[in-house]
Amino acid sequence: MLRLLRVGVLILLFLAFLDPRWPMPGRVVYLLDFSPSARESVFALADRLPRDGIYVAFAERAVRIPSPTARRLDLGEGTDLKAAFQEAEALKPTRVVLVSDGLFEPIPAPFPLDAVYVPPKPHVAVELVPPPYPLYGETVGVGVVLEAPLPTEARLRVEGPGGVLERSLRVEGRKSLTYTFSLTEEAEVRAVAEGPWGRSEARVRFAPVDRPKALVLGDPALARYLEAQGFRVEEGPFRLPLEADLVAVGLGVLDLPEGAPEALRGYLRRGGGLLFTATPKGLFFGGWDRSLPEDLPLKPLGRKGAALVLVLDVSGSMEGEKLSLAVAGALELVRSAAPEDYLGVVLFSSSQRVLFPPRPMTEQGKREAESLLLSVRAGGGTVLGPAFREAVRLVQGVPVERKGILVLSDGLISDPQEPILALAGASGLEVSAVALGPDADRAFLKALAERGGGRYYQAATAGELPRLFLKEGQEVFQGEGLEGRFPVKARPHPLAQGFSPPPLSVLLPARAEPWAEVVLESEGRAVLALGERGEGRVAALATDLSRSWRGWKDAASFLGGLARYLMGGKKALALYAYPEGKGARVVVLGHLERPLFLSGGQEMPLVPAGPGRYEVQAQAPGVLLDGPRRLPLAFPLPGEWTPRDGKAVLEGLAKASGGRLLGLEELDQPVSTPLPLRPYLLLLALVLFLLERFLEIRVSQSTLVRFPRG
């Protein structure tokens, strides 16, 4: 018996040395390309894909879908392979299968990848490339670039100041032509390509760069200064797309259309220049420090903070759109508050409930408040008194000076009104009210706001609530300005050289963000700060130009230089790359000293080709060197319809990862993942060894009992 156990241990150790593995069922993740060029072919293939896989659809975004036959047309118009790989990797797959047309820039896969090729949709994409530095009066050329992943017939029509250009042509890969005309004013060129696939079009507008365009909103004094500096100034309206070289904002968030903060952020990140000025409606008074917290270089200094409690009607009549938009308005209040502000919410229907007491609106506080607001449901009657008394109690305990209550209701208040009105008048708080819809108790709510010394709002529809809530937040959570005589000191910066700004009459106490550079300051407070966000430049000026610097003869020159510097994010160092042969012609615009282009270990000088314009022929991306500056120069990413050998792209991508290009018949092959058996064999060998030792000891003891010594 002992011999058999020893042999068993040796056999198990030998097997463990061989490291055998047992096949187990695996997880297969299928990445389905839903970009415009591939999705029709992928949709047609859906019925042939296995039903037991895990499916992720991707274009510019990647999302998991329940089955291969699910359709998603909201994932964007481009292809982001990195997003697809990240989504797949999070699912911990045994095998990943990419189903695509291969019309993208390949990136290494973080896992073994198999690929299935589908043909792209026949299509001709049209793009217009404006002249990089168009001067007034010169003959300029607009590049018309046609791209097709498959050979396709197309009819092209180009319209603009140079008349109409019409062509019938066959597009194989990329085809380019030039539309020329004399530039004497702002120009628009439109191109339309039509064919069996349908219709594609592109439009471009541009103006001579020697007269930059500024859109000035709400600051007439700044508009006059920039006009004196040769800018083409438009004083509104705010309309999309933003096509100015500089946008100056002296209005508040609520003075502009919905979506303006997002549009300004996108304009800045794409290379535009932004300037915020402290008019009575601008900068902190306008709420920009809350609406663009990551992109404004100045923040209020020494704000004391305020407290606001929202008393929200959640009776049965609020169910549906009313409640959802009321919650959206409450979320606007959350976003409009600064970390030193307090916000709370009390709900009322047949009874009252504190959703959350007033709490500082830190990032954590905002996340918790948003989560709680999204959980609100409607039902019951309209009893306001207990909720209003609870709101007064809660807000009176907050350690700030300015405190307010905002009441929203859409119906008649069912409990006695006089005690509520008396409490509003005696509380010492700012009590505002919103009457929603025709059935609201308008007379009572208006009286409540009058007794409480707040504001009365009337919303005909629920769609008005988010902006009304935001307006009340601006009233309660606003900053303060100072009047007097504030000396100005210039810090070392090219913009301030040669200028001695006089004292200011108005100043908003402000500090600069860590990423911003202070150009002007007053007794430790930032007056002018600027920085780069994305590809653009942004500045904030903490004074009102209609009251400060009116007698300063150099004000126009200083502000004109500031405006041109801000435009530099878009123009002075604008980069363009035009495909030429196997490389590209790179054009750099800006005032450079000794520019060099470093690519592949070689330095190439940039050749001056005009005022502030330099060019170089490059075969690969690199770095622009100009004195101490180092600026990465990347070629533009190929478009969705850029011609490629998609099958070869997929095959190379798969082989590089250890996978292969599959045929459709191979998709149904079962997938397994090997389970290592070595740990189990070693454990079993240990058990047998211990058993063998135990038996050996027992045998020795029985022998001693049977044959004792002596």
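Heads up: the structure comes first, above all this text.
Reference entry: report on the structure contained in this document.

Okay, the overall build of the protein next. Counting its regular elements, the protein contains 15 helices and 39 strands. In the protein, buried positions account for 51% of the 710 residues. Accessible surface, the protein as shown: approximately 33700 Å² in total, 54% of it carbon and sulfur.

Mapped onto the elements, Lys366 comes out in helix H8 (residues 363-373). Glu363 provides the closest opposite charge to the buried, unpaired Lys366, separated from it by 4.9 Å.

Next up on the list: the side chain of Asp33. Residue position: Asp33 is located in strand E2 (residues 28-33). We note that Asp33 is buried and unpaired, the nearest opposite charge coming from Arg39 at a distance of 8.2 Å. Polar contacts involving the side chain of Asp33 include one to the side chain of Ser35, which spans 2.7 Å. Aside from chain neighbours lying at most four places away, what touches Asp33 is Ala38, Arg39, Val42, Phe58, Val99, Ser100 and Asp101.

Moving on, we come to the sheet that holds strand E38 (residues 661-662). Spatially, E4-E3-E2-E5-E6-E38 is the arrangement adopted by the 6 strands of the open sheet, whose pairing is mixed. On the outer flanks of this sheet lie strand E4 (62-65) and E38, each paired with one strand and no other. Summarising the sheet, E2 and strand E3 (residues 54-58) pair through 5 bridges and their orientation is parallel. Bridged to Tyr30 within E3 is Tyr55. Strands in contact with helix H14 (residues 646-657) are strand E5 (95-100), strand E6 (113-117) and E38; relative to E6, the strand with the most contacts, it is inclined by about 165 degrees.

On the surface, Val7, Ile11, Phe14, Leu15, Phe17 and Leu18 cluster together into a nonpolar patch covering about 610 Å² of accessible area. Checked against the element boundaries, Val7 lands in helix H1 (residues 2-18). Overall, Val7 belongs to the partly exposed group, its relative accessible area being 40%.

The subject of this paragraph is the packing of helix H9 (residues 385-396) against helix H10 (residues 418-426). Following both chains from N to C, one finds H9 and H10 inclined at 15 degrees, their axes separated by 10 Å at the closest point. On the basis of the axis angle, H9 is roughly parallel to H10. Crossing of H9 over H10 shows left-handed handedness. Residue-level contacts link Gly385, Phe388, Arg389 and Val392 of H9 to Ile420, Leu423 and Ala424 of H10.

This brings us to the packing of aromatic side chains. Taken as a whole and assessed by the stated rule, the structure comprises 11 aromatic pairs. Between Phe34 and Phe43, the ring centres sit 5.0 Å apart and the planes meet at 85 degrees, which makes this aromatic pair edge-to-face. The residues Phe34 and Phe43 share a single accessibility class, namely buried. The interplanar angle of 50 degrees and the centroid separation of 5.4 Å between the aromatic rings of Phe276 and Trp288 together place this pair among those described as tilted. On the criterion of sequence distance, the pair formed by Phe276 in strand E15 (residues 273-277) and Trp288 in helix H6 (residues 288-291) is long-range, its members being 12 residues apart. Under the relative-accessibility criterion, Trp288 is labelled buried at 0%. Taken together, the aromatic side chains of Phe499, Trp549, Trp552 and Phe558 make up a single cluster linked through ring pairs. Positioned over the ring face of Phe43 is Arg71, at 4.2 Å from the centre of the ring. If you follow Arg537 out to its NZ or CZ, it ends over the ring of Tyr565, 4.3 Å from the centre.

Rules used in this analysis
- Residues numbered from 1 in each chain as written.
- Predicted model: local features only at pLDDT ≥ 70, side-chain atom pairs only at ≥ 80, totals over all residues.
- Heavy atoms only, no water.
- Helix = DSSP H or I, 4+ residues; strand = E, 2+ residues; numbered from the N terminus.
- Buried < 20%, exposed > 50% of the residue type's maximum accessible area, 1.4 Å probe, protein only.
- Areas by Shrake-Rupley, 256 points an atom, 1.4 Å probe, with all protein chains shown as cover.
- Lys, Arg positive; Asp, Glu negative; His and termini not counted.
- Salt bridge = Lys/Arg side-chain N within 4 Å of Asp/Glu carboxyl O.
- Polar contact = N/O pair within 3.5 Å; in protein donor to acceptor, adjacent residues only side chain to side chain.
- Contact = heavy atoms within 4.5 Å.
- Pairing = 2+ DSSP bridges.
- Axes fitted to C-alpha atoms, helices over the stretch in contact; angles between N-to-C directions.
- Patch = residues over 30% accessible without salt bridge, like charges linked within 9 Å, V, L, I, M, F, W, Y side chains within 5 Å.
- Parallel < 35°, antiparallel > 145°, perpendicular 65-115°, else oblique.
- Left-handed = near helix turned anticlockwise from the far one by under 90°.
- Phe/Tyr/Trp six-rings, centres within 6.5 Å; stacked < 30°, edge-to-face > 60°.
- Lys NZ or Arg CZ within 6 Å of the ring centre and 35° of its normal.

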